[in-house]
Every structure is written in C-alpha cells, then in structure tokens.
Amino acid sequence: MNAEEEIRRRIADRGTVTFAEFMDVALYWSGGGYYRSTGDPVGAHGDFYTSPLVHPAFGALLSVQLFQMWLLMHRPSPFTVLEMGAGNGLLCRDVAEYSKNLPEGFAQALRYICHDVNSRPGLEKKSAATGECPEVFRLASGGYFGGAGNSPVNLPLVKFCGCVVSNELLDAFPVHQVTMQGGRLLEAYVAVEQGELAMVHDEPSTPQLADRLEGLGVALVDGQTAEICLGLAGWAGMVSEVLDAGFVITVDYGREAEDLYSKDDRPRGTLTTFYRHTQTDAPLRRIGSQDITAQVDFTSVINEGRVVGLEPMGYSTQKEFLQNLGLQGWHRRLTGLRLPQRQTGANRAGMVDLVRPGGLGDFKVLVQGKNVGRPGLWGFQPGASLVESNGLSDFIDSLPAPLMRPDHLDLTRGRDPGAEVQVEGYWPGFAVPGGDEEGRF
Ligand SMILES: C[S@@+](CC[C@H](N)C(=O)[O-])C[C@H]1O[C@@H](n2cnc3c(N)ncnc32)[C@H](O)[C@@H]1O
C-alpha cells in the first residue's frame, strides 16, 4: 500500500485525518512516504538543496564549533555527535574529514552517529579511513517523535557526552494547521470529497493546539492560518534523555513565535511544498513524491527545551554564526590558493551562498546546553575570529580552507567562468581579492 492508499484507508475508517497525520504518512509512511523513497531528495536531481551540499565550509565550521565544545567539556573521549535527520550523510562526511585538521586528538575522540528514518548508508561512509579518523555510524530512526496520535519513539542509545546536531530536521516534522474563523479556532483535516482528497475544517483534535498559542501569547485574527508543531516536545524530551552533558545545535529556517505568527507578514502560515526545486504549495498532490515543510517556531523549540533541562546558549542567523567562526577569512584566502579560475569561482559562490540574505544566510542557529554551565561559544561571539588576545584568530587562520568536492553542488556550473557575477556585495566593507570593490569576480 503506498502513502496515498494508506491515507485513504484511514479516512475510510475514521472520516478524516488531521493535517499532521496526513503529513506524517505522506513523508514517513514505510510503504512509500517521501523520506522513505530510494532517491535522495537533496541535490540537483532532487527537490531542494541544503547547506552541506552548497559548500564543505558549513561542515568544517561546525566542526570548529564542536571542537570548542569538546575543549569546554575537558576533552571527553568519546565525544559523541548525534546528527538527527542526517539524510545523505554529507554533513557527517565533511565534519569528520575536517576534524582531522583540528589539534589535540579531537578527531580520535569524535564518534559521529548519523540518525535518520532512512537507514540506507550515505556519504558518511566516504570519510577516508586514514590517519586520525573519527568513528562513524548510521542509526535508523524508529520514526516520528510524537504528536498527531503517534507514540514517541526512543533512541536506542545510552546517555552520552557530546552534541546533538540537526540541519533542516525540525522543518520536516508534521504540523497541525489551524485557522481562526468567526472567533473560533478550527483545525484543518483531510477528507475525501467526490473521490478527491480535500481540506476541511472542524473543532481542534486536541486542546494542546490552543494551549500552545496561548502559552506563546499569540492571538490569531479572523481568517488567519498557522501551523503548530506538537512533535517538538517529544523531540526535546528524547534529546535530553540521551544527552548526559553537552550541547544541541539546531540549524533550520524559522522564526521566533511573535514573528512567525504575525498576522501582517504570514496571514496564511508557512506551510509549503517542494517538487524538483519548485515551490508548489499543493500539499494534497504528488503524495510521497514531494516535500512538505513549514517554518520552525524557535520560541517553542526553546520553551520545550527548557522544560527538559536544555538551556538556550545562543541564537543567531546562519550568516552571523558562520562569519563569527571565520568564513570570511577562508573566503578571502581562496585567491591565494592559486586554483584554476573555475574552481576558485565555484568555491567562492558556494561559501557566499551559505550566508546569502533571503536564503541560507537567514536560517537560524540555536544552541542549547545541558550540564555545561554558560560558556561563550565562538559561533555567537561577533568577531570571534578576529579576537587577537586569546589566539583564536591565529588558530582559525592556521586552519586550511576546505574546498568543494564532486559531492558538492557547483552553483557556477553552466556559467561562463569569466562572467561577472555579483554575489558578494552584501559582505559590507569586504574587498574581494581579485575582484573589484563591489565584490564582482
Ligand atoms: C530536509 S531533510 C534534511 C537532510 C539533511 N539534514 C540535510 O541537511 O541535507 C530532513 C531529514 O530529516 C529526516 N527526518 C525527519 N524526521 C525524522 C525522524 N523522526 N527521525 C530521523 N530522521 C528524521 C528525513 O528523513 C530527512 O532525511
């Protein structure tokens, strides 16, 4: 039975399913949910692309941040990194590879676990088993983390010291959709009308929806639609359950609740669908073949974390986070590497895309901590890579700039290598070596 047949079967049994249950089946149903299919949804041949694909600097800078966390925790061995929603394993491969450049035996202490509903081995296996090599594993997820009537699944791990990492995991969690009509909060359900799947509205399936909005101080206005992810609580609980001491790094697109639920900016919510790099906004179509996603409510991620002992330690845009860790320095040094022009251009374009306003640069990075005190983290210290006094600048400057490999997406492919492409103008005051003052190359 494929995902659509399973949805129709449930509707035939019960009349309707909540939109959250629909989304859970459409994305995760073992018999053909979108994320269970054999193809990789990320990349040129998939439906969307993510930061790890754009440039290895993303994984490399994450590994620099993980290195500092390891130092702060007094160099535990193993230092476990659990990446939830690891997808094709590219981030793991890049972090593991780059960790070999970091001192004091960090790579040997690193144990990296890729966790995903899709248990198929990915690129993490390509992490060369040479020199000081981190241990890398893949762990199959039992599925969704609760809400929508599913029971939370447990992680088959003993408590560890280290860090839980995710990139674009939470935006893939099923969401309930609510709308305010005539002063009443209604929930979206999926039904069958004249043989077709259709969205209908009725009383909320659970009081938790109104409770969430009330707790956030959000009052929807008449006609306003919003998405609510109840799975965040189960996820936070599970993360805290396995983390004895350490950090949680969450990277995703989203906003704080006040902004996310703004009646002026997002009156119809943020639910959207992607199919072959096109935003299609038709969740009931192409079931199992297209991605369905909604922006993350970071206020609720923080609140649910606090309930289970995860304290927020930093929150910023991806642009600020990567710049604080030294992305600009690596970008600047590309010219000195004397690579072929096309390779220099491709690496520049990839690095810049990671911090592009209106794109990946506006993604958010949240770090939470458990039993680690309140240390300052390099990723949240403006100009951390420029702080001369503590030697951090020298340290980051001593690290090699990572270069794209065939697994990364060359954003300049198909372009004339000599063409002027303005991609760097938004790094203010940043003169591009080899380029003119406006950042053209
Ligand atoms: C948008 S993709 C991001 C993949 C990858 N992190 C990247 O940046 O390319 C979301 C990933 O989260 C995974 N995922 C969603 N829910 C999950 C769960 N409950 N347990 C484990 N993985 C999950 C999906 O299978 C998918 O690989």
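Structural data are supplied above this passage.
The rules we used
Residues numbered from 1 in each chain as written. Predicted model: local features only at pLDDT ≥ 70, side-chain atom pairs only at ≥ 80, totals over all residues. Heavy atoms only, no water. Helix = DSSP H or I, 4+ residues; strand = E, 2+ residues; numbered from the N terminus. Buried < 20%, exposed > 50% of the residue type's maximum accessible area, 1.4 Å probe, protein only. Lys, Arg positive; Asp, Glu negative; His and termini not counted. Salt bridge = Lys/Arg side-chain N within 4 Å of Asp/Glu carboxyl O. Polar contact = N/O pair within 3.5 Å; in protein donor to acceptor, adjacent residues only side chain to side chain. Contact = heavy atoms within 4.5 Å. Pairing = 2+ DSSP bridges. Axes fitted to C-alpha atoms, helices over the stretch in contact; angles between N-to-C directions.

Explain the side chain of Asp-171 to me, and be specific about the residues and the numbers.
Counting through the fold element by element, Asp-171 comes out in the loop between strand S5 (160–167) and strand S6 (176–181). An unpaired buried charge is present at Asp-171: no salt bridge exists, and Lys-364, the closest side chain of opposite charge, is 12 Å distant. Of the polar contacts made by the side chain of Asp-171, one reaches the side chain of Tyr-253; its length is 3.1 Å. Polar side-chain contacts of Asp-171 include one of 3.0 Å to the side chain of Thr-293. Setting aside residues no more than four positions away along its own chain, Asp-171 makes contact with Asp-252, Tyr-253, Ile-292, Thr-293, Ala-294 and Val-296.

Quick one: what's the story with the pairing of strand S9 (residues 225–228), residue by residue and with numbers?
Strand residues, when the strand is regular, have side chains that alternate between the two faces of the sheet. Residues Thr-225 and Glu-227 point to one face of S9 and Ala-226 and Ile-228 to the other, with burial holding for every one of them. In terms of strand pairing, S6 meets S9 through 4 bridges, oriented antiparallel. Counterpart to His-176 in the pairing with S9 is Ile-228.

Any details on the sheet that holds strand S3 (residues 110–116)? Residues and values, ideally.
Spatial strand order, S4-S3-S2-S5-S10-S17-S16: 7 strands in an open sheet with mixed pairing. Looking at the sheet topology across the chains shown, the edges are occupied by strand S4 (135–140) and strand S16 (311–317). Within the sheet, the average angular offset between the axes of one strand and its neighbour, ignoring direction, is 15°. Here strand S10 (residues 243–252) pairs with strand S17 (residues 364–370) via 7 bridges, running antiparallel. Considered in S17, the bridge of Thr-250 is made with Leu-366. Seen against the sheet, helix H5 (residues 90–99) touches strand S2 (79–84), S3, S4 and S5 and runs at an angle of roughly 175° to S3.

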